[in-house]
Amino acid sequence: MISIDIEKKLKAYKGVDVLRVKKDFATGSITRITGPSGVGKTTLLKMIAGLITPDAGRIVVDGITWFDASQKINLSPQQRMPGFVFQDYALFPNMTVQQHLEYATKNTAWINRLLTIGKLETFTDHKPEYLSGGQQQRLAILRALAIKPKLLLMDEPFSALDVKMKGDLIADLQVLFKEIGATALIVSHNPQELDRVSGDELEVG
Ligand SMILES: Nc1ncnc2c1ncn2[C@@H]1O[C@H](COP(=O)(O)OP(=O)(O)OP(=O)(O)O)[C@@H](O)[C@H]1O
């Protein structure tokens, strides 16, 4: 169970200037996070990952306090180690597809399985600049999964994929999430995208 009750004053957002989120996520659940542009969806994911510090509140994951403003507990991103798919992918320009995955894990069988799921088997020696937008996005997803994270934070992870690729990938990811026992929080603007897999929705703002 992931229990979040946090507040953060946002810089320069008209109308709503404080982001408040109070929500419990069941272990193994997939939640779609929605809300208008600029409301703080990315900021929320980054606060959970430990990349941005909330002003107040608590984050408790499986009984472990990751953040507590009043008790001054704030685990580092390395201690939290979620899988994170950034909206702009944040790939390493000088690393090939294979090196991105090997940087995260030494488990070759797992790497090969991820490459198959992401349909990147024939691109293992390509660097990001020689990949299409959709291939880069799939690599960002595979890299996040390489560490078999218990928590996956995904920021618009399917925005560059065509409908068929997206459908296939989401079906495969569902199986993988179950297998590794991951809880997923997925920011998505597209209402149809996660209809069949996401049991829950969190509307921010
Ligand atoms: N570290 C930070 N501290 C406070 N405010 C921040 C911080 N980083 C970003 N913000 C502000 O938070 C607001 C929301 O940005 P954010 O990227 O979280 O929105 P979003 O809902 O993900 O938007 P979009 O759907 O367009 O990606 C912005 O106005 C931004 O200036």
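Before any of the text, the structure's been laid out above.
In short, a report on the structure. (Residues numbered from 1 in each chain as written. Predicted model: local features only at pLDDT ≥ 70, side-chain atom pairs only at ≥ 80, totals over all residues. Heavy atoms only, no water.)

## Quick look at the overall build of the protein
- From N to C terminus, the protein includes 6 helices and 10 strands.
- Compactness check: the protein gives a C-alpha radius of gyration of 17 Å against a globular reference of 17 Å for 205 residues, within 12% of the reference.
- When the backbone C-alpha atoms are referred to their principal axes, the protein occupies close to 50 × 35 × 30 Å.
- Out of the 205 residues belonging to the protein, those deemed buried represent 49%. (Helix = DSSP H or I, 4+ residues; strand = E, 2+ residues; numbered from the N terminus. Rg over C-alpha atoms; globule rule 2.2 N^0.38 Å. Buried < 20%, exposed > 50% of the residue type's maximum accessible area, 1.4 Å probe, protein only.)

## So, the site of the ligand
- Near the ligand, the surroundings consist of 17 residues, among which Ser-37, Gly-38, Lys-41, Thr-42 and Thr-43 are the closest.
- Contact distances for the ligand include 2.6 Å between an oxygen atom and a side-chain N or O atom of Ser-37.
- In the environment of the ligand, an oxygen atom lies 2.6 Å from a nitrogen or oxygen atom belonging to the side chain of Thr-43.
- Relative to its unbound accessible surface of 640 Å², the ligand loses 74% to contact with the protein.
- For the shell around the ligand, the elements supplying multiple residues, two or more each, are strand S1 (2–9) and helix H1 (41–49).
- For the shell around the ligand, the leading source of residues is H1, giving 3 residues.
- Each residue belonging to the shell around the ligand can be placed in one class, and the counts come to 6 nonpolar, 7 polar and 4 charged. (Near = heavy atom within 4 Å. Polar contact = N/O pair within 3.5 Å; in protein donor to acceptor, adjacent residues only side chain to side chain. Areas by Shrake-Rupley, 256 points an atom, 1.4 Å probe, with all protein chains shown as cover. Nonpolar A, V, L, I, M, F, W, Y, C, P; charged D, E, K, R; others polar.)

## Concerning the sheet that holds strand S6 (residues 73–74)
- Spatially, 5 strands are ordered S2-S1-S4-S5-S6 in an open sheet, and the strand pairing comes out antiparallel. Every other strand in the sheet has two partners, leaving strand S2 (18–25) and S6 as the edge strands with one partner each.
- One ladder, built from 2 bridges, connects strand S5 (residues 64–68) with S6; its direction is antiparallel. What sits directly across from Asp-68, in S6, is Ile-73.
- Of the strands in this sheet, S1, S2, strand S4 (56–61) and S5 are in contact with H1, which crosses S1 at around 120 degrees. (Pairing = 2+ DSSP bridges. Contact = heavy atoms within 4.5 Å. Axes fitted to C-alpha atoms, helices over the stretch in contact; angles between N-to-C directions.)

## Details of helix H6 (residues 163–180)
- The terminal C-alpha atoms of H6, which comprises 18 residues, lie 26 Å apart, in line with the 26 Å expected from a rise of 1.5 Å per residue.
- Residues of H6 that are buried include every one of Met-165, Lys-166, Leu-169, Ile-170, Leu-173, Leu-176, Phe-177 and Ile-180, and no others. Take H6 and look down its axis: the buried residues cluster within an arc of 130 degrees, on one side only. In H6, those exposed residues whose orientation departs by more than 90 degrees from the buried face are Lys-164 and Lys-178.
- Residues of H6 that are buried make contact with strand S3 (30–34), helix H4 (108–117), helix H5 (133–146), strand S8 (151–155) and strand S9 (183–187).
- Taking the backbone nitrogen of Lys-164 as reference, a side-chain oxygen 3.1 Å away marks Asp-162 as the first, capping residue of H6.
- In the stretch just after H6, Gly-181 is the one whose phi turns positive, near 70 degrees. (Expected span 1.5 Å × (residues − 1). Arc of directions from axis to C-beta.)

## Concerning H5
- Under the 1.5 Å per step criterion, the end-to-end length of H5 is 20 Å for 14 residues, consistent within 8% with the ideal 20 Å.
- Burial of H5 is extensive: 13 of the 14 residues sit out of reach of the surface.
- Looking at the residues trailing H5, positive phi occurs at Lys-148, about 50 degrees.

## Section: the environment of Pro-82
- In this fold, Pro-82 is placed in the loop between helix H2 (77–80) and strand S7 (83–85).
- Take Pro-82: its relative accessible area is 13%, and that puts it in the buried class.
- Along the backbone, Pro-82 and Leu-151 are 69 residues apart, and their C-alpha atoms lie at a distance of 5.0 Å.
- Discounting residues that sit within four places of it in the chain, Pro-82 has contacts with Ala-49, Pro-77, Ile-147, Pro-149, Leu-151 and Leu-153.

## Structural notes on the side chain of Thr-183
- The residue Thr-183 is located in strand S9 in this model.
- Side-chain polar atoms of Thr-183 contact the backbone nitrogen of Gly-28, separated by 2.9 Å.
- When residues no more than four places from it in sequence are discounted, the contact partners of Thr-183 are Ile-2, Phe-25, Ala-26, Thr-27, Gly-28, Ser-29, Lys-150, Leu-151 and Leu-152.

## Overview of the packing of aromatic side chains
- For the coordinates displayed, the defined rule picks out 2 aromatic pairs.
- Between Phe-84 and Phe-86 the ring centres are 4.1 Å apart and the planes differ by 15 degrees, which places this aromatic pair in the stacked class.
- What makes Phe-84 buried here is its relative accessible area of 11%.
- Arranged with centres 5.4 Å apart and planes meeting at 75 degrees, the rings of Phe-92 and Tyr-103 form a pair that is edge-to-face. Of this pair, Phe-92 sits in the loop between S7 and helix H3 (97–104) while Tyr-103 is found in helix H3, placing the two residues 11 residues apart along the sequence.
- Here Phe-92 falls in the partly exposed class, since its relative accessible area comes to 29%.
- Overall, the relative accessible area of 60% leaves Tyr-103 in the exposed class.
- Sitting above the plane of the Phe-92 ring, Arg-143 keeps its charged end 4.9 Å from the centroid.
- One Lys or Arg, Lys-148, reaches over the ring of Trp-110 and ends 4.6 Å from the middle of that ring. (Phe/Tyr/Trp six-rings, centres within 6.5 Å; stacked < 30°, edge-to-face > 60°. Lys NZ or Arg CZ within 6 Å of the ring centre and 35° of its normal.)

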